[in-house]
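# Chain and residue survey
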Amino acid sequence: MLQVLACGAVVFPGLFFAFRRILPCVFRHWSDADVVLVSERLVSSIHAIMATTAGVIIVSSCRGNIISDRHWLATYFVIWYGAPYMTYDLFAMYLSHYHRFRVKGHEDYKKHSLRTVNSFVRREFLLVLHHIALLTILLPVTLFFRRDQGDFFVGCLFLTELSTPFVSLGKILIQLSLQDCWLHKANGGMVLLTFFMCRIALFPYMYWVYGHHYGIPLYSVPFHLPLSTNLGNLCILAPQVYWFVLLCRKGYRLYRRGRMPDSSPAAAVTDNSKDD
């Protein structure tokens, strides 16, 4: 088991520290905060591509019987890469937070302390809670409580990562001062599309597929499922809706700014700060 966990536990931190070494050689004017941010985003994109690929394989392999069909990736990807990545990402997000405020000259950020950790948890509470919930709830459910059923739906949950590379690309383009180019605008559209389709519309789709399998209408599916399943899905879906609303608001602000004749690149950089 330790050898299996070492796969993701070595790959993701290894990539992160490799990017931290390489990026300053390419972008010599970047601060530590810039390097850590982009390194984190690159590793997140790599994990997201892996998870999405695993999800596509699982879903396509389990379409015959969505309840009983099995695929080994549904369990082993969580063990090999899912759990190690979520643990690593908490650490990487903290480092990004720490260096961002250290560069700004905050007194409390001259060295790591409980105060800096507490500040990170308070500022990124929803993201921290999201990661901890995946580690403490989704991981045990995937490994121990499914009774070897529902690999199709585990694959669907992996597909939620499809939007992550586009979110990360947007941050990186801003870091490269390319927020006014057509690629950033096109990527913004892909962020909204993939986020909505794979993190929000995906849940009604899973309910519809379940209802189709048992021959019941969509509106009856929640009453056919255990309360714990509905509550679990709601807990996963709620923050996704919240983040999607934030993305829509930000996109609308940028759209309005783009139509203003006196808008300047400096203003765009300010609004697209990496603190978002």
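On a predicted model such as this, the values are computed, not experimentally measured, just so you know. (Residues numbered from 1 in each chain as written. Predicted model: local features only at pLDDT ≥ 70, side-chain atom pairs only at ≥ 80, totals over all residues. Heavy atoms only, no water.)

### What to know about the nonpolar core
Test applied: We call a set of buried residues a nonpolar core when its members are Ala, Val, Leu, Ile, Met, Phe, Trp, Tyr or Cys and they connect through side-chain atoms within 4.5 Å of each other. Each residue's exposure class comes from its accessible area (1.4 Å probe, protein chains only) as a fraction of the maximum for that residue type: buried when under 20%, exposed when over 50%, partly exposed otherwise. Secondary structure elements follow DSSP: runs of H or I no shorter than four residues count as helices, runs of E no shorter than two count as strands, and numbering proceeds from the N terminus. Whether two residues are in contact is decided by their heavy atoms, any of which lying within 4.5 Å being enough.
Residues Phe16, Val43, Phe77, Tyr88, Phe152, Phe153 and Phe158 are the most contacted members of the largest nonpolar core, which totals 52 residues. Breaking this core down by element, the ones donating at least two residues are α1 (2-26), α2 (32-61), α3 (73-103), α5 (125-145), α6 (151-158) and α9 (202-214). No other element matches the 16 residues that α3 contributes to this core. Not counting residues up to four positions away in its chain, the partners in contact with Phe77 are His47, Met50, Ala51, Ala54, Gly82 and Phe158.

### Regarding the packing of aromatic side chains
Given two aromatic rings, one states the distance between the centres and the angle between the planes to describe the pair. Keep this limit in mind: Centre distance within 6.5 Å is the pairing criterion for rings of Phe, Tyr and Trp, where only the six-membered ring of Trp is used; planes under 30 degrees apart are then read as stacked, over 60 as edge-to-face, and the remainder as tilted. A positively charged side chain is recorded as over a ring if its NZ (Lys) or CZ (Arg) lies within 6 Å of the ring centre. The angle to the ring normal must also be within 35 degrees.
In the structure shown here, the tally under the stated rule is 21 aromatic pairs. Relative to Phe244, the ring of Phe195 lies with its centre 6.2 Å away and its plane at 15 degrees, an arrangement referred to as stacked. Taken together, the residues Phe195 in helix α8 (residues 182-199) and Phe244 in helix α11 (residues 227-259) connect sequence positions 49 residues apart. Here a set of aromatic residues connected by ring pairs shows up, and it is made of Phe12, Phe16, Phe17, Phe77, Tyr81, Tyr85, Tyr88 and Phe158. Directly above the ring of Phe101 sits Lys104, whose terminal nitrogen or CZ lies 5.1 Å from the centroid.

### Quick look at the UniProt feature "transmembrane region" (unreviewed entry) in the chain
Stated formally: UniProt positions are given in the numbering used here, feature names are shortened, and annotations may be inferred rather than shown by experiment.
Here the UniProt feature "transmembrane region" (unreviewed entry) sits at residues 42-62, 125-146, 152-174, 186-210 and 230-248. Secondary structure across residues 152-174 comprises 78% helix and 0% strand; the distance between its end C-alpha atoms is 37 Å.

### Looking at the packing of α2 against α3
Selection rule: Structural elements are reduced to axes, namely lines fitted to C-alpha atoms, with helices fitted over the stretch in contact, and the angle between N-to-C directions of any two is expressed from 0 to 180 degrees. For classification purposes, an angle smaller than 35 degrees is called roughly parallel, one larger than 145 roughly antiparallel, one from 65 to 115 roughly perpendicular, and anything else oblique. Left-handed describes a crossing whose near helix is turned anticlockwise from the far helix by less than a right angle; the clockwise case is right-handed.
Where α2 contacts α3, the axes come no closer than 9 Å and their chain directions differ by 160 degrees. As the angle between them shows, α2 and α3 are arranged roughly antiparallel. The hand of the α2/α3 crossing is left-handed.

### Observations regarding the environment of Pro217
If you trace the backbone, Pro217 turns up in the loop between α9 and α10 (221-224). For the pair formed by Pro217 and Ser45, sequence separation is 172 residues and the distance between their alpha carbons is 37 Å.

### Some thoughts on helix α4 (residues 114-123)
Going by this rule: For this quantity, the arc is that covered by the directions from the helix axis to the C-beta atoms.
Within α4, burial applies to Thr116, Ser119 and Phe120. Taken down its axis, α4 places every buried residue within 100 degrees of arc, on the same side. Set apart from the buried face of α4 by more than 90 degrees, the exposed residues are Leu114, Arg115 and Arg122. Packed against the buried residues of α4 are α3 and α5.

### So, the side chain of Thr116
Condition: What qualifies as a polar contact is a pair of N or O atoms within 3.5 Å, subject to a donor-acceptor requirement within protein and to the restriction that residues adjacent in sequence count only when both atoms come from side chains.
Mapped onto the elements, Thr116 comes out in helix α4. A residue is classified by how much of its surface remains accessible, and Thr116, at 1% relative accessible area, is buried. A distance of 2.8 Å separates a polar atom in the side chain of Thr116 from a polar atom in the side chain of Tyr94. Here Thr116 is in contact with Tyr94, His97, Tyr98, Asp108, Tyr109 and Lys111, once residues within four sequence places are set aside.

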